[in-house]
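# A closer look at the structure
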Amino acid sequence: MEVGASMAMTSRAPGAGVAGAGVVRRSAFPGWEKQAQAGSLRVGGATAGAAAVAVRARGTRPVAPLCSVRASRGSESLHDSVDEALLLKRKSEEVLFHLNGRCIYLVGMMGSGKSTVGKILAEVLGYSCFDSDKLVEQAVGMPSVAQIFKVHSEAFFRENESSVLRDLSSMRRLVVATGGGAVIRPINWNYMKKGLSVWLDVPLDALAKRISQVGTASRPLLDQPSDDPYTAAFTKLSMLAEQRGEAYANADARVSLEEIAAKQGHGDVSKLTPTDIAIEALLKIGNFVTEEPTVHGQVDSQSRKMQAL
């Protein structure tokens, strides 16, 4: 099922309804939201007893603007930006055939950049991009995950999150930025294993710095009063990482920001751009899809026959 057709998702919220366009949450990476634009989410009216959400994806913008910030720094930066865009395009072309339309699910801790990197991947692959948190908000008719936690509960949110992932898993050619806690429910892995899952692994100290800079109001698991936002964020993130670490490791591919920074010779993950991370994600996806068992090789063989007709 292609995303060009609307997808109806029914919430478990009694009598909830919402109308209007979805707004993609700002990334925890400062400035990243300026480099990637969100797809459009259209919300339909509610049925009697449950909210119905119709989701449509618009075409995303070209890749070139993603590098515009760096290009403004001089001819050397412009050259680097062009090289990045070309490399991104080449890597996407290498993996696109082997993906065979399967969805990509980005998993990782809150603030790891899943939404921003997801938009870049969707652009270069010709996929549509969705943020599962935003779809849950629209399904239950509430403006934020924090509000859902406050009015209902985390368990209520998780149930609706699973419903969203279930419906998305029936589609093709999607990049899905999942919520940080989506990995804790085994049923969600059943849905995500219908596609490919990629773990964006960001060091906890870097996450704590980024999240403390932009605030925790939109992150209910971290939103606690503190005179030292960084220490509070780091402590809570450490606890969550201990609880979820093994679950994240279930992903088909792991993108380590520390490894990318080491390759670039500086070791500082804060210097990485979303494009850097997207390129590494495509590389890891490519490694995975080209090493898959025979069952996927048979799928690729069928795709080649279809293309030859």
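A brief structural summary. (Residues numbered from 1 in each chain as written. Predicted model: local features only at pLDDT ≥ 70, side-chain atom pairs only at ≥ 80, totals over all residues. Heavy atoms only, no water.)

## A word on the packing of helix α8 (residues 204-214) against helix α9 (residues 229-248)
Relative to each other, α8 and α9 sit at 130 degrees, their axes nearing to 8 Å. One way to sum up the angle between α8 and α9 is to call them oblique. As α8 packs across α9, the resulting crossing turns out to be right-handed. Packed against α8, whose contacting residues are Leu204, Asp205, Leu207, Ala208, Lys209, Ile211 and Ser212, the element α9 presents Pro229, Tyr230, Ala233, Phe234, Leu237, Ser238 and Ala241 at the interface. Looking at side-chain class alone, the contact of α8 with α9 contains 10 nonpolar, 2 polar and 2 charged residues. (Axes fitted to C-alpha atoms, helices over the stretch in contact; angles between N-to-C directions. Helix = DSSP H or I, 4+ residues; strand = E, 2+ residues; numbered from the N terminus. Parallel < 35°, antiparallel > 145°, perpendicular 65-115°, else oblique. Left-handed = near helix turned anticlockwise from the far one by under 90°. Contact = heavy atoms within 4.5 Å. Nonpolar A, V, L, I, M, F, W, Y, C, P; charged D, E, K, R; others polar.)

## As for the layout of surface pockets
Taken as a whole, the second largest pocket spans an internal volume of roughly 180 Å³. Along its surface, the second largest pocket is lined by Glu84, Leu87, Lys91, Ile260, Lys263, Gln264, Asp276, Ile279, Glu280 and Leu283. Listed by contribution, the elements that provide at least two residues to the lining of the second largest pocket are α2 (75-99), α10 (257-263) and α11 (274-290). Counting residues per element, the lining of the second largest pocket draws most heavily on α11, at 4 residues. Along the lines of polarity and charge, the residues of the lining of the second largest pocket split into 4 nonpolar, 1 polar and 5 charged. (1 Å grid on protein atoms, 1.4 Å probe; cavity = no way out; pocket = protein on both sides within 12 Å on 5 of 7 lines; lining within 4 Å. Points joined across faces, edges and corners; volume = space filled by probe spheres on them.)

## Considering the packing of aromatic side chains
Geometrically, a pair of aromatic rings is defined through the distance of the ring centres and the angle of the planes. Scanning all chains against the criterion turns up 3 aromatic pairs. An angle of 50 degrees between the planes, with centres 5.5 Å apart, marks the rings of Phe149 and Phe157 as tilted. A residue is classified by how much of its surface remains accessible, and Phe149, at 16% relative accessible area, is buried. Arranged with centres 5.8 Å apart and planes meeting at 20 degrees, the rings of Trp199 and Tyr248 form a pair that is stacked. Linking Trp199 in strand β8 (residues 196-201) with Tyr248 in helix α9, this pair joins segments that are 49 residues apart in sequence. Here the two residues Trp199 and Tyr248 agree in accessibility, since each one is buried. (Phe/Tyr/Trp six-rings, centres within 6.5 Å; stacked < 30°, edge-to-face > 60°. Buried < 20%, exposed > 50% of the residue type's maximum accessible area, 1.4 Å probe, protein only.)

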